[in-house]
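Notes for the structure review
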Amino acid sequence: MKSYSVLSQSIGFRLQATPLKLLSFVFYLLSFSFFSCTTKEHKQATKFDQYMVQGEVLYQTHCSNCHQKKGTGLGLLYPPLNKSDFMDNHFEEVICLMKKGREGELIVNGKQFNKPMKGVASLTELEIAEIATYIYNTWDHRKGITEVKEVTTILAKCPD
Amino acid sequence: MLIVSLVVYSCAIKEKPLPIFGERSVVGNDTVYHTIAHFEFLDQDSALVTNDTFKDKIYVADFFFTSCRTICPIMKTQMKRVYDTLQNKPDVLILSHTIDPEYDTVALLHDFAERLGVESKKWHFVTGVKDSIYKIAQTSYFATAMEDKTEPDGFIHSGAFLLIDKQGHIRGKYDGTKEDDVNRLIGDIERLRSN
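Quick caveat, the model's predicted, so the values are computed rather than measured. (Residues numbered from 1 in each chain as written. Chains lettered and ligands numbered in written order. Predicted model: local features only at pLDDT ≥ 70, side-chain atom pairs only at ≥ 80, totals over all residues.)

**Here we look at the overall build of chain A**
What counts is decided by this rule: Under the scheme used here, helices are H or I runs from DSSP no shorter than 4 residues and strands are E runs no shorter than 2 residues, and both carry numbers assigned from the N terminus. Residue burial here comes from a neighbour count, namely the number of other C-beta atoms, placed from the backbone, that lie within 10 Å of the residue's own C-beta, with 20 or more meaning buried, 12 or fewer meaning exposed, and in between meaning partly exposed. Our contact criterion uses C-beta atoms placed from the backbone: two residues qualify when those atoms are within 7 Å.
If you tally the helices and strands in chain A, you get eight helices and two strands. Walking chain A from its N terminus toward its C terminus, one meets helices and strands in the order α-α-α-α-α-α-β-β-α-α. Residues counted as buried form 22% of the 160 residues belonging to chain A. Partitioning the intrachain contacts of chain A with sequence separation of at least 6 by distance along the chain shows that 49% fall at a separation of at least 24.

Put into structure tokens, the structure is as follows:
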């Protein structure tokens, strides 16, 4: 096996370099396999993937007409999501506006937007968590999963 | 040699002219085609827009409203693509009618056009008497436009883009929500210009 011999050669090289390095390399491998095998981690990764898939479907149903499939927005009518300092700095407000809408001036990346957005009142907390997970982990965003219980807490505090 | 002759041959094929939509009648020796009826609306600069605005111009028409969240934003995204191809074509204009004139005032249309980043002399957003807008949509452009409180945003309307020639005849109908169909429109505008 060619790949095996390459691997053993590289380990052999490390062995020659310093035995301590090899030891830490083995520990690294062990710890890696330990974590990847824990069911909790695995379940969480599956959940994240499910939220991403569902979130994309919901995004295309409720959001992308205006904000566009690639999150670019349109002119100064609909603000972008693919790169947005507003999203970065106002996570809770983003959760609220999905359900309750928003009116008035909104500054995104230094540009002024001012078109009212109607909320989608029918969205469930799970659906909001899925959309948030999708928009916050697509394009340039890598926020990680948004949990339903986070959404529940935030929605309870939304201004009317 | 073969390639050269193929190129020459393909250039020699004359494309079929675009169809003329609607009913036609024969008066004496002339065929009279369906023509866009007389209209008078106000655009985003409060300027009067009539058939004369489009005299000797080709134009693309559609029906929308600014507060619509369903197909209109997609139509506007696609129409903006059309607009971007018209920069060096002074003989082609765009005419977008609001079907919600009570909400879409001149001021609101002005703000909308400005935010979209388009010039008023190229792309007219018009408002007017509601019944006149609905009537011209249905009888002149064959496009559906009406109020319906059971719809999510209160209106039903078609997402069609209509291509109108210099004589006021409809020469093409396209689905303004489909990128492929709008590409066809962009091609047809060129065909119409070169006729």
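Having seen the model, we can carry on.
**What to know about the packing of helix α6 (residues 91–100) of chain A against helix α8 (residues 148–156) of chain A**
Residue and element names in this part refer to chain A. Condition: To get an axis, fit a line to the C-alpha atoms, keeping to the stretch in contact for a helix; angles then go from 0 to 180 degrees between the N-to-C directions. In this scheme, roughly parallel covers angles under 35 degrees and roughly antiparallel covers those over 145, while 65 to 115 is roughly perpendicular and the rest are oblique. Basically, the charged four are Asp, Glu, Lys and Arg, the nonpolar ten are Ala, Val, Leu, Ile, Met, Phe, Trp, Tyr, Cys and Pro, and anything else, Gly included, counts as polar.
At their nearest, the axes of α6 and α8 sit 9 Å apart, and the two run at 80 degrees to each other. The pairing of α6 with α8 is recorded here as roughly perpendicular in orientation. Side by side, α6 and α8 meet where Glu92, Ile95, Cys96 and Lys99 of the first sit next to Val151, Ile154 and Leu155 of the second. The residue inventory of the contact of α6 with α8, partitioned by class, reads five nonpolar, no polar and two charged.

**Details of the confidence of the model for chain B**
This is how the line gets drawn: Residue-level confidence of the predictor, termed pLDDT, takes values from 0 up to 100.
For chain B, the mean per-residue pLDDT works out to 91, and 93% of the residues sit at or above 70. Here the predicted complex carries an ipTM of 0.80, next to a pTM of 0.79.

**Considering the interface of chain B and chain A**
Between chain B and chain A, the contact holds ten residues from the first and nine residues from the second. Looking at the side of chain B that touches chain A, the elements with two or more residues in it are α2 (72–85) and α3 (106–116) of chain B. In terms of residue count, the dominant contributor to the side of chain B that touches chain A is α2 of chain B (four residues). Grouping the constituent residues of the side of chain B that touches chain A by class yields four nonpolar, three polar and three charged.

**Details of the pairing of strand β11 (residues 170–175) of chain B**
It is a general feature of regular strands that their side chains alternate between the two faces of the sheet. All names here are of chain B. Heads up, the rule is: By definition, two strands form a pair when at least two bridges between them are found by DSSP.
The sheet contact formed by strand β10 (residues 160–164) and β11 spans five bridges and is antiparallel. Counterpart to Ala160 in the pairing with β11 is Asp175. Remark: five residues form the turn of the hairpin made by β10 and β11, two consecutive strands paired antiparallel; Gly168 in that turn has positive phi of roughly 80 degrees.

**What about unusual backbone geometry?**
Backbone geometry at Gln68 of chain A places phi at a positive 75 degrees, although glycine is not the residue there. By C-beta crowding, Gln68 of chain A is classed as partly exposed, having 18 other C-beta atoms within 10 Å. At Ser46 of chain B, a position not held by glycine, the phi torsion is positive, near 65 degrees. Mapping Ser46 of chain B onto the fold places it in the loop between β3 (40–42) and β4 (48–50).

**Observations regarding the sheet that holds strand β7 (residues 123–126) of chain B**
Residues and elements named next belong to chain B. The strand order across the open sheet formed by five strands is β7-β6-β5-β10-β11, and the pairing between neighbours is mixed. Where the open sheet ends on each side, the last strands, each with one partner, are β7 and β11. Pairwise comparison of adjacent strand axes, ignoring direction, gives a mean angle of 20 degrees for this sheet. Pairing between strand β5 (residues 58–64) and β10: three bridges, direction antiparallel. Each bridged residue has a counterpart across the sheet, and for Tyr59 the counterpart in β10 is Ile164.

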